[in-house]
Amino acid sequence: MPQRISYLFVLLGAILWGTTGTAQTFMPQTVHPLAVGASRLAVGGFTLLVFLLIVRKIDFRNWPWKATLLSALTMAVFQYCFFTSIRLTGIAIGTVVTIGSAPAFSGIVEWLLLKRRPTRVWIIATSLAIIGCVLLFSNTGGIIVNPIGISLSLTAGLLFSFYALFNKEVLEKVDAVPAVAVIFSVGAIMLMPFLFIFETEGLFTGQGIATTVYLGIATTSVAYILFSYGLKRIPSSSAVTLSLAEPLTAAVLSVLIVGERLSNTSWMGIALLLGGILVLTFSGGKKRKEYLI
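A short tour of the structure in this document, coming up. Given the structure is predicted, the values throughout are model-derived calculations rather than measurements.

Glancing now at the overall build of the chain. Tallying secondary structure elements over the chain gives 12 helices and 0 strands in all. The order of α-helices and β-strands along the chain, N terminus first, is α-α-α-α-α-α-α-α-α-α-α-α. Against the compact-globule benchmark of 19 Å for 293 residues, the chain has a radius of gyration of 18 Å, which places it among compact chains. Per-residue burial for the chain yields a buried fraction of 53% across its 293 residues. Considering only residue pairs separated by 6 or more positions, the chain has 90% of its internal contacts joining residues 24 or more positions apart. Placing the 20 positive and 10 negative side-chain charges of the chain at their respective mean positions leaves the two points 12 Å apart.

So this is what it looks like as structure tokens:
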């Protein structure tokens, strides 16, 4: 697979993640956000796992269980930290701090653990994308800056960077589809208790089931399979930077479908965010040169 295609796969996965917020507007408001997170992992993981078991396309011999459990654990705790931070400090700030901090954390983690120093291209692209992400949400009124919520958002960003690192280790031993099936099935089992703790009224209505199926299949199974296919051939720090296409997609959909209006500052943020993503994506088509700082 050409490396540029790998970047595009990650980008497509992030675009699917970006539809999550719009899709959740169709979920009955009585369902707790964390219950939504648990159910989407269950649908996405278990559906894929059962299918692979039926067609016998999964082999547990020599399976990298340590990296799989670490991937599942980071994703499960990410769900808790992210949804709780949004509840405490609002969707805009919770999203921008989580998604905006993840690329920086990923670069630091790679530098410290893998001794891979960031390239100039990655630094430029990531800086443009993070600044754009901040501008995109900077004019939102009624922002609540809750210290605990911000801390949880930063923790979620760090967890996502570790997820990308552990998932890359899993992908060195197994194919992307079985990896996603097992990781998310294990993560769903870890989150199952939340389905009994938090409010789920409306989850099993027609609208609730349809939304859950979309969230589980499109924004979980398909999105993470695309992300994993791309992650096999590119650095995890680059993949996490490309995940900033998620808030970009969410913002565009909020205008086109939900009918929200964006300020000039937000549109400037979208331009910078898109510019950073394009710089990283098209530089990925060239042979990687290690121009380090």
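Read on, since the account is not over.
For the coordinates displayed, the defined rule picks out 19 aromatic pairs. Ring centres of W17 and F227 lie 5.2 Å apart, and the angle between their planes is 45°; on these two criteria the pair is classed as tilted. Placement of the pair is W17 in helix 1 (residues 3-17) and F227 in helix 9 (residues 206-231), with a sequence separation of 210 residues. Taking the relative accessible area as the measure of exposure, W17 reaches 4% and is therefore buried. Where F82 meets F83, the ring centres are 5.7 Å apart and the plane angle is 55°; that geometry is what we call tilted. Among the residues examined, F83 registers a relative accessible area of 9% and is labelled buried.

Here the focus is helix 9. With 26 residues, helix 9 extends 35 Å between its outermost C-alpha atoms, agreeing within 8% with the 38 Å of an ideal straight helix rising 1.5 Å per residue. Of all the bends in helix 9, the greatest measures close to 25° and is centred on A223.

Taken as a whole and assessed by the stated rule, the structure comprises 2 salt bridges. Between R61 and D59 there is a salt bridge; the shortest N-O distance is 2.8 Å. On the basis of relative accessible area, R61 is assigned to the exposed category, the value being 64%. A salt bridge links R116 to E110; the shortest N-O distance between them is 3.3 Å.

At a minimum axis distance of 7 Å, the contact between helix 6 (residues 120-136) and helix 12 (residues 264-283) shows a crossing angle of 160°. Overall, the two elements helix 6 and helix 12 adopt an arrangement that is roughly antiparallel. In this structure, helix 6 meets helix 12 at a crossing whose hand is left-handed. Contacts between helix 6 and helix 12 involve V121, W122, A125, L128, A129, I131, G132, C133, L135 and L136 on the former and, on the latter, T265, S266, M268, G269, I270, L272, L273, G275, G276, V279, L280 and S283. Here the contact of helix 6 with helix 12 is composed, by residue class, of 15 nonpolar, 7 polar and no charged.

Turning our attention to unusual backbone geometry. The phi dihedral of N62 is positive, around 60°, even though this residue is not glycine. Summarising the element assignment, N62 is placed in the loop between helix 3 (33-54) and helix 4 (65-89). Located in the positive-phi region is K115, a residue other than glycine, with phi close to 55°. Structurally, K115 is set in the loop between helix 5 (91-114) and helix 6.

Let us look at the environment of I131. As for its placement among the helices and strands, I131 is situated in helix 6. Looking at I131, the relative accessible area reads 47%, which means it is partly exposed. When the C-alpha atoms of I131 and T22 are compared, they prove to be 23 Å apart, with 109 residues separating the residues in sequence.

Definitions and cut-offs
- Residues numbered from 1 in each chain as written.
- Predicted model: local features only at pLDDT ≥ 70, side-chain atom pairs only at ≥ 80, totals over all residues.
- Heavy atoms only, no water.
- Helix = DSSP H or I, 4+ residues; strand = E, 2+ residues; numbered from the N terminus.
- Rg over C-alpha atoms; globule rule 2.2 N^0.38 Å.
- Buried < 20%, exposed > 50% of the residue type's maximum accessible area, 1.4 Å probe, protein only.
- Contact = heavy atoms within 4.5 Å.
- Lys, Arg positive; Asp, Glu negative; His and termini not counted.
- Charge placed at Lys NZ, Arg CZ, Asp CG, Glu CD.
- Phe/Tyr/Trp six-rings, centres within 6.5 Å; stacked < 30°, edge-to-face > 60°.
- Expected span 1.5 Å × (residues − 1).
- Bend = angle between axes of the 7 residues up to and from the residue.
- Salt bridge = Lys/Arg side-chain N within 4 Å of Asp/Glu carboxyl O.
- Axes fitted to C-alpha atoms, helices over the stretch in contact; angles between N-to-C directions.
- Parallel < 35°, antiparallel > 145°, perpendicular 65-115°, else oblique.
- Left-handed = near helix turned anticlockwise from the far one by under 90°.
- Nonpolar A, V, L, I, M, F, W, Y, C, P; charged D, E, K, R; others polar.

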